[in-house]
Structures are given as structure tokens and as C-alpha cells.
Amino acid sequence: MEKRSKVVLPALLEKMQQRVPITMVTCYDYPMAYLVEQAGVDIVLVGDSLGMTVLGYESTLPVTMEDMIRHAQAVRRGTPNAFLIGDMPYMTYQVCVQDAVRNAGRFMAEAGCDGVKLEGGAEMADRVQAIACAGIPIMGHLGLTPQSTSALGGFKVQGKDATRARHIVDDARALEQAGAFSILLEMVPDRVAGLITGRAGVPIISLGSGPQAHGQLLIFHDMFGLYPRFKPKMAKVFGNAGEVILNGLRQYIRSRSAVA
Ligand code: KIV
């Protein structure tokens, strides 16, 4: 196999400028990361969604920095070359700028991440600016922000009415001005994502926000049927690894019963 070179920020910007689609997936452990590396995915997000997909919580809110660092370290070992982003968990950046910079720095120093992500718009611009000033690439996250689902009224499309749509467009501009190197739009209407993408000077990544963005993020466990609780409407399924594993386990049990 051809040796893969390390994905660096200028290479992502180059892809954006050339309109070459940027690929991005979530990843939570070493075996997954190993596969992601072989496939050659550009950006890997160690999402706090691991609280639900891997740790079995009902939401992402109980996830701690220690959980995230441990998983990010494992993912880094599996994918040395992808652009690795650590997702800042609940209450590790909301309280103050100092917490935000300190915790962002932990992802870089302790887990070897290439950047971090946090949720929120203009209200987070001071955190984004401080993290960027510390030399840490920071991705913004707008639309459905899972750490605020209670305030947002659940897991649903954001920005359907003109006022909310305007708000999201303004937030995207505020994050870019504060120094975000990229912005993720989760469950935003296609036309709003298209508008933001058309105006942005940084890569826009879509998660369930239509095809017009510079890149698409897919959640690994949704791609391969590995999360049993629910399948989001936006999920694109590329295989059913969950079924393959279940059938294998049943086959194993049958083989043992035949011996007894
Ligand atoms: O935690 C995560 O995987 C995320 C995505 C849902 C964007 O933040």
C-alpha cells in the first residue's frame, strides 16, 4: 500500500479551494482508527458521542475530559496520519476562557490531537479566539449541538425559520472571524448550509445538512449498524457490521451446543 502522508491544515484548505470533497468520520478506539487510517479518511473526530455509542449513556453530558483523552490517545495510535480532532466535552469550555484553553491544550499535549472542536456560536467567540491564539486549530459546531438538546427541544433540524436561519449564518461568520479553522453544521437546512458554504473562507463540514458543504461528517456507528438504540434519519448506512458480529456470535454458540 502507498504510504500516506500526514493530513495538515494547508492540505484541508487546498481541498476546500479546489472543491475536492473533504472526508470526516467519528472514531472512538484503536481498531476503528486502524481501519479509518487504511481507508485514508482526511479528518477524524473523537466525538463526545462516544458517551452514547461506546459508553452507553443516554446523552453526551456525562462524558469527562479523562474519557475523551483516553479514547483520543487510542485513536491517535491507530491513525497517525489523519487530522485528529478532540471534541471538548460538556462544561470543559462553557464556564470560562481559561478552562477552554487549558482543556484544549490537554487534547494536544496528552493525546496528540491536531485540533479541537466545541459547540456554540457567537457566545463562544471569546473561547474560540483564545484557543486559536494559543496555536490550537479549533473547529466550530452549529445547528443541532447535542450538549444543548434540552434547550433546543430535542434532536431536530435547527434553523428552519428565517430568524433562526439568520442566527446560524451570523454565528458562522462570528466563529470564522474569531479564528475557527472550520465549521461543522449539524442538521441545518440545505439552503442555510449552502449559503454559509458560499460565503465561508474556511472549510464547512455537513452532518445531515445537505451536499453543498466542503465536506461530510459521518458517525461511524451509524455507518455500520453498530448503535442499537436509534438510527438517525440522516444516517447513511454502508454496511451492517452489527449483524455480522451477532450472526458470528450465534454461530459460535450453536457450534458449542453441538459439541455438548
Ligand atoms: O460527538 C460527536 O460525534 C459530534 C458529532 C455529532 C458532530 O459532535
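Here, every reference points to the structure presented above.
Please read all numbers here as calculations on a predicted model, not as lab measurements. (Residues numbered from 1 in each chain as written. Predicted model: local features only at pLDDT ≥ 70, side-chain atom pairs only at ≥ 80, totals over all residues. Heavy atoms only, no water.)

## Regarding the overall build of the protein chain
- Helices and strands together make up the secondary structure of the protein chain, namely eleven helices and eight strands.
- The C-alpha atoms of the protein chain give a radius of gyration of 19 Å, which matches the 18 Å a tight globule of 260 residues would have.
- Considered along the principal axes of its C-alpha atoms, the protein chain spans approximately 65 × 40 × 40 Å.
- A fraction of 59% describes how many contacts in the protein chain between residues 6 or more apart in sequence connect residues 24 or more apart.
- As displayed, the protein chain offers around 12,400 Å² of accessible surface, 58% of which is attributable to carbon and sulfur atoms.
- One way to put it: in the protein chain the 26 positive side-chain charges average out to a point 5 Å from where the 24 negative ones average out. (Helix = DSSP H or I, 4+ residues; strand = E, 2+ residues; numbered from the N terminus. Rg over C-alpha atoms; globule rule 2.2 N^0.38 Å. Contact = heavy atoms within 4.5 Å. Areas by Shrake-Rupley, 256 points an atom, 1.4 Å probe, with all protein chains shown as cover. Lys, Arg positive; Asp, Glu negative; His and termini not counted. Charge placed at Lys NZ, Arg CZ, Asp CG, Glu CD.)

## With respect to the site of the ligand
- Within the structure, the ligand sits among 13 residues, and Asp 48, Ser 49, Asp 87, Lys 117 and Leu 184 are positioned closest to it.
- Within the side chain of Asp 48, a nitrogen or oxygen atom sits 2.9 Å from an oxygen atom of the ligand.
- Within the side chain of Asp 87, a nitrogen or oxygen atom sits 3.0 Å from an oxygen atom of the ligand.
- Expressed as a share of its isolated accessible area of 260 Å², the protein-covered part of the ligand is 95%.
- By residue class, the composition of the shell around the ligand is five nonpolar, four polar and four charged. (Near = heavy atom within 4 Å. Polar contact = N/O pair within 3.5 Å; in protein donor to acceptor, adjacent residues only side chain to side chain. Nonpolar A, V, L, I, M, F, W, Y, C, P; charged D, E, K, R; others polar.)

## Observations regarding the side chain of Asp 171
- Inspection of the secondary structure assignment puts Asp 171 in helix H8 (residues 162-178).
- Among buried charged residues, Asp 171 stands out as having no salt bridge; its nearest opposite-charge side chain is Arg 164, 5.5 Å away.
- When neighbours within four sequence positions are excluded, Asp 171 is seen to be in contact with Gly 121, Ala 122 and Leu 142. (Buried < 20%, exposed > 50% of the residue type's maximum accessible area, 1.4 Å probe, protein only. Salt bridge = Lys/Arg side-chain N within 4 Å of Asp/Glu carboxyl O.)

## Structural notes on the nonpolar core
- One finds Val 44, Phe 107, Val 116, Ile 131, Ile 183, Leu 185 and Ile 196 to be the most contacted residues of the largest nonpolar core, which totals 69 residues.
- Tallying contributions element by element places H8 first for this core, with six residues.
- Those residues within four positions of Ile 196 in sequence are excluded, and the remaining contacts are Ile 168, Val 169, Ala 172, Leu 185 and Ile 204. (Core = buried A, V, L, I, M, F, W, Y, C linked by side-chain atoms within 4.5 Å.)

## A word on the packing of H8 against helix H9 (residues 190-199)
- Remark: H8 packs on H9, axes separated minimally by 10 Å, with the N-to-C direction vectors making an angle of 25°. By the criterion of interaxial angle, the relationship of H8 to H9 is roughly parallel. As H8 runs across H9, the sense of the crossing is right-handed. Of the residues in H9, those in contact with Ala 165, Arg 166, Ile 168, Val 169, Ala 172 and Arg 173 of H8 are Val 192, Leu 195, Ile 196 and Arg 199.
- Its residues assigned to classes, the contact of H8 with H9 comprises seven nonpolar, no polar and three charged. (Axes fitted to C-alpha atoms, helices over the stretch in contact; angles between N-to-C directions. Parallel < 35°, antiparallel > 145°, perpendicular 65-115°, else oblique. Left-handed = near helix turned anticlockwise from the far one by under 90°.)

## Here we look at the pattern of salt bridges
- Tallied over the entire structure, the rule returns eleven salt bridges.
- One salt bridge in this structure joins Asp 87 and Lys 117, with 2.9 Å as the shortest N-O distance. One end of the pair, Asp 87, is in strand E3 (residues 83-87); the other, Lys 117, is in strand E4 (residues 115-117), and 30 residues separate them in sequence. Comparing Asp 87 with Lys 117, the two get one shared label, buried.
- Among the ionic contacts, a cluster of salt bridges with common partners joins Lys 6, Arg 76 and Asp 114.

## As for the side chain of Thr 79
- Looking at the element boundaries, Thr 79 is found in the loop between helix H4 (65-78) and E3.
- A polar contact of 3.4 Å, which involves the side chain of Thr 79, links it to the backbone nitrogen of Ala 82.
- Not counting residues up to four positions away in its chain, the partners in contact with Thr 79 are Arg 4, Ala 33, Glu 37 and Val 44.

## Let's talk about unusual backbone geometry
- Not every positive phi belongs to a glycine, and Arg 19 is a case in point at roughly 60°.
- Considering the arrangement of structural elements, one finds Arg 19 in the loop between helix H1 (9-18) and strand E1 (22-26).

## Let's talk about the sheet that holds strand E5 (residues 138-143)
- Taken together, eight strands build a closed barrel; the order of strands is E1-E2-E3-E4-E5-E6-E7-E8 and the barrel is parallel. Neighbour-to-neighbour, the strand axes of the sheet open up by a mean angle of 25°, direction not taken into account.
- Bridge count between strand E2 (residues 43-46) and E3: four bridges; the pairing is parallel. Opposite Ile 43, over in E3, you have Phe 83 as the bridge partner. (Pairing = 2+ DSSP bridges.)

## Examining the packing of helix H5 (residues 97-111) against helix H6 (residues 125-133)
- Between H5 and H6, the shortest axis-to-axis distance is 9 Å and the interhelical angle comes to 40°. Between H5 and H6, the angle is such that the two are oblique. By crossing handedness, the relation of H5 to H6 is classed as right-handed. Across the interface between the two elements, Val 97, Ala 100, Val 101 and Ala 104 from H5 touch Asp 126, Arg 127, Ala 130 and Ile 131 from H6.
- Classifying every residue of the contact of H5 with H6 gives six nonpolar, no polar and two charged.

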